[in-house]
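Chain residues, written in single-letter form:
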Amino acid sequence: MAHNRPVLPTRRPSIDPARLVPMDKIVRLKGKADFKVVFIGAGNIMFGSDEGPWNHSFRLEHKLGRRLKVDAIIDPNIERALSVIQEKCDMFVVSAYEDTRVFRTLEEYTQAMVNQEKPRAFVVGSPAQFRGTMRPGRDVEMQILRDFPGVAIFVEKPVATGPLSEIDDVFTVSKVLSESRTLCSVGYMLRYLRAVQKMKQIIQDNDLTVMATVARYATAYEAINKPDWWDKSKSYGPIVEQGTHFCDLSRYFGGDVDISSVSAHSLDWDEKAGRLSKMKIDESKIAPDNRIPRVTAATWKYDNGAVGSFTHMVALQGSNYSCEFEVYTDGYELKLVNPYVQPVLIIRQPGDDHESKLRFPDDDPFFSEISNFVDLVEDVKDSNSSPPEILSSYEDACRSYELSWAIREASERSRDDRLEALELAEPKANGKVNGVH
Ligand SMILES: NC(=O)c1ccc[n+]([C@@H]2O[C@H](COP(=O)([O-])OP(=O)(O)OC[C@H]3O[C@@H](n4cnc5c(N)ncnc54)[C@H](O)[C@@H]3O)[C@@H](O)[C@H]2O)c1
C-alpha cells in the first residue's frame, strides 16, 4: 500500500436530508458580499449541453443569486469562453458575468491578480489530463494551492488520468491538499441523491453491515457522437470516464476495496458479440488498441470481506441509459433504479417478502453538491439542520479512481491472456479473433 494513503473511516459520511433542498425551495444565502468564483474550463460540465443535466454555472447562479461574481473563466479556447459570457450577459444573470475576465491559462490569471482580492472558490472542469499530478502542466490543484492558499476547490471527476502505475502521484496531491486543510469537493454527485442518502440512513439506523454491492450501467451508445469518448487514449475508456460514478457509489456503501482482488472480463470490438450497429462515429479512424470494450464485468473484495460487482455495457440505443445499483445486507435489499433521470428506491426488508418503492421526483444531486460546497465555504450555520457536508472528499475520490483503473487494467489483462491463448491454439489466425477483422 502506498505511503501517502490516509486510513479512511469505514463509514462514509452521510448528510442531513434537510440539506438536500430542491433548487426552487432554497432559502436565500445570507450576506451581501460578492462571492467570487473562477471557472477553469468553459465546457459542458460548466455551462451545460444536450448530453445531460450537468451545468455548474446554472446551479451556482441559483445558489448564490446576486452575490455570484464570476471573476474569470480560464480556457485556452477563448472564443468558447467569450461566447458563454455573451450568452449569460443576455440573460437575467448578467450581474454575475458583466465583469468576467477571460484567460488562456491559470498563470495568466495569477499574474493579473497581484494586489487583488482572492476568489472564494475555483471550480475545475477542464479535461482530467490537466489535473491530479505533481507534474507541471498537469497540476492545477498544486498551482491553486501555491498561488491562492486557502481558496476552496471544487474539482470534477475523474481526479486524474494516469494508470495505476502513476497512482502514488494522485495520492501525493491528496496528501498535500489535506495537510493544507484546503476545502475540496470532488464531483461524484450521485452520493448527494436523496435516494442514496435514504439507503445510507436505513443502513445506519438498523446498524447493518453491507454484504454485497451489485452495480449495472448500460450506456445508450447511439447518442454518444464524441469520437474521443470511443478512444481509450483520449477518454481513458468507459470505466474510468463514466463507470467511475458507479465505482464510487460501490465504495460509498462497501468501503475500501482490496485492489489486488479486482478481476474483470471484457467483450471487445473485435469479437462477434461486440459488433454495434448504430455507432454514430467512424471507429476505423481509432487505432485498434485504443477502441473501447462493449462490456466490462468486474468483481472484487472489500476490506471488510463483502463482495462488489460491476457490469458496464455499451449496448443500448436511443438516448436513455439503464442503470441500477443494489446493496445487500442481512435481511435487506436496497435497489436504486434510474439514478440519473427519475430515481426510484426499491426496498425489501425483514418480515416482508414484498418490496416497497420510494420515488424521488425532481431530485437534483448536482445542486445539492454545489449547495453544500458553497455553504461550507460560507461557513453557514443553520439551526434547522446539521452542518453542511462534503460527501466526496479528494482522498475518497482517489480511491474510487484507483478502483476504476484497477477494473480497466484487470479487463485488459484478461483480454491479453485470451488473445494469447487463441494465438497459441490457432497460430494462423494471427490476431484475428472470432473471424472479425
Ligand atoms: N460529474 C459529472 O456527471 C460530469 C459530467 C460531465 C463532465 N464531467 C467531467 O468534467 C470534465 C470536463 O468535461 P466537459 O464535458 O465539460 O468537457 P468539454 O470538452 O465540453 O469542455 C472542456 C473545456 O476545457 C477546456 N480546456 C482544455 N484544456 C484546458 C486547460 N488546461 N485549462 C482550462 N480549460 C481547458 C476546453 O477548451 C473545453 O472548453 C471532465 O473531467 C468530465 O469527466 C463530469
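Residues numbered from 1 in each chain as written. Predicted model: local features only at pLDDT ≥ 70, side-chain atom pairs only at ≥ 80, totals over all residues. Heavy atoms only, no water.

Draft legend 1. Spotlight on the overall build of the chain. Secondary structure assignment for the chain yields 12 helices and 14 strands. In terms of overall dimensions, the chain is globule-like: its C-alpha atoms have a radius of gyration of 22 Å, near the 22 Å expected for 437 residues. A principal-axis box enclosing the C-alpha atoms of the chain has dimensions of 70 × 55 × 45 Å. The 437 residues of the chain split such that 54% are buried. Within the chain, contacts between residues at least 6 apart in sequence are counted, and of these 77% link residues at least 24 apart. Accessible surface, the chain as shown: approximately 20100 Å² in total, 51% of it carbon and sulfur. Across the chain, the 56 positively charged side chains and the 66 negatively charged ones have centroids separated by 2 Å. (Helix = DSSP H or I, 4+ residues; strand = E, 2+ residues; numbered from the N terminus. Rg over C-alpha atoms; globule rule 2.2 N^0.38 Å. Buried < 20%, exposed > 50% of the residue type's maximum accessible area, 1.4 Å probe, protein only. Contact = heavy atoms within 4.5 Å. Areas by Shrake-Rupley, 256 points an atom, 1.4 Å probe, with all protein chains shown as cover. Lys, Arg positive; Asp, Glu negative; His and termini not counted. Charge placed at Lys NZ, Arg CZ, Asp CG, Glu CD.)

Draft legend 2. Spotlight on the pattern of salt bridges. Summed over all chains, the structure comprises 31 salt bridges. One salt bridge connects Lys-25 with Asp-24, and the closest N-O pair in it is separated by 3.7 Å. For the pair formed by Lys-25 and Asp-24, the shared burial category is exposed. The partner of Glu-412 in a salt bridge is Arg-408, with the nearest N and O atoms 2.9 Å apart. In this pair, Glu-412 and Arg-408 are both assigned in helix α12 (residues 394–425), 4 residues apart and thus about one turn of the helix distant. (Salt bridge = Lys/Arg side-chain N within 4 Å of Asp/Glu carboxyl O.)

Draft legend 3. Looking closely at the sheet that holds strand β8 (residues 263–267). Here 8 strands make up an open sheet; going across it, the order is β8-β9-β10-β7-β11-β12-β13-β14 and the pairing mixed. The strands lining the two open edges of the sheet, one partner per strand, are β8 and β14 (356–359). Direction aside, neighbouring strands of the sheet carry axes that sit 10° apart on average. When strand β7 (residues 210–220) meets strand β10 (residues 307–316), the two strands line up parallel, connected through 9 bridges. Pairing of Tyr-217 across the sheet is with His-312, part of β10. (Pairing = 2+ DSSP bridges. Axes fitted to C-alpha atoms, helices over the stretch in contact; angles between N-to-C directions.)

Draft legend 4. Molecular detail of helix α8 (residues 194–205). The terminal C-alpha atoms of α8 lie 16 Å apart, and with 12 residues this matches the ideal 16 Å at 1.5 Å per residue to within 8%. Looking only at α8, the buried set comprises Ala-195, Val-196, Gln-197, Met-199, Lys-200, Ile-202 and Ile-203. On its buried face, α8 is in contact with β7, α10 (237–254), β11 (322–329), β12 (332–337) and β13 (344–348). One or two positions beyond α8, positive phi appears at Asp-207, with a value near 50°. (Expected span 1.5 Å × (residues − 1).)

Draft legend 5. The UniProt feature "domain: Gfo/Idh/MocA-like oxidoreductase N-terminal" (unreviewed entry) in the chain, seen in detail. The positions UniProt marks with the feature "domain: Gfo/Idh/MocA-like oxidoreductase N-terminal" (unreviewed entry) are residues 35–187. From the first C-alpha to the last, residues 35–187 spans 20 Å; its make-up is 37% helix and 18% strand. (UniProt positions renumbered as here; feature names shortened; annotations may be inferred.)

Draft legend 6. Geometry of the site of the ligand. Around the ligand, the surrounding shell holds 26 residues, and the nearest of these are Asn-44, Ile-45, Asp-75, Arg-131 and Lys-157. Between the ligand and Lys-157, the relevant distance is 3.0 Å, taken from an oxygen atom to a side-chain nitrogen or oxygen of the residue. Between the ligand and Gly-187 there is a distance of 3.3 Å, counted from a nitrogen atom to a backbone nitrogen or oxygen. Burial of the ligand by the surrounding chains reaches 83%, relative to a free accessible area of 850 Å². Elements with a minimum of two residues in the shell around the ligand: α1 (44–47) and α10. Among the residues forming the shell around the ligand, the class breakdown is 11 nonpolar, 8 polar and 7 charged. A domain split of the shell around the ligand shows at least three residues from each of domain 1 (31–187) and domain 2 (191–361 + 394–420). (Near = heavy atom within 4 Å. Polar contact = N/O pair within 3.5 Å; in protein donor to acceptor, adjacent residues only side chain to side chain. Nonpolar A, V, L, I, M, F, W, Y, C, P; charged D, E, K, R; others polar. Domains from an automatic or database assignment.)

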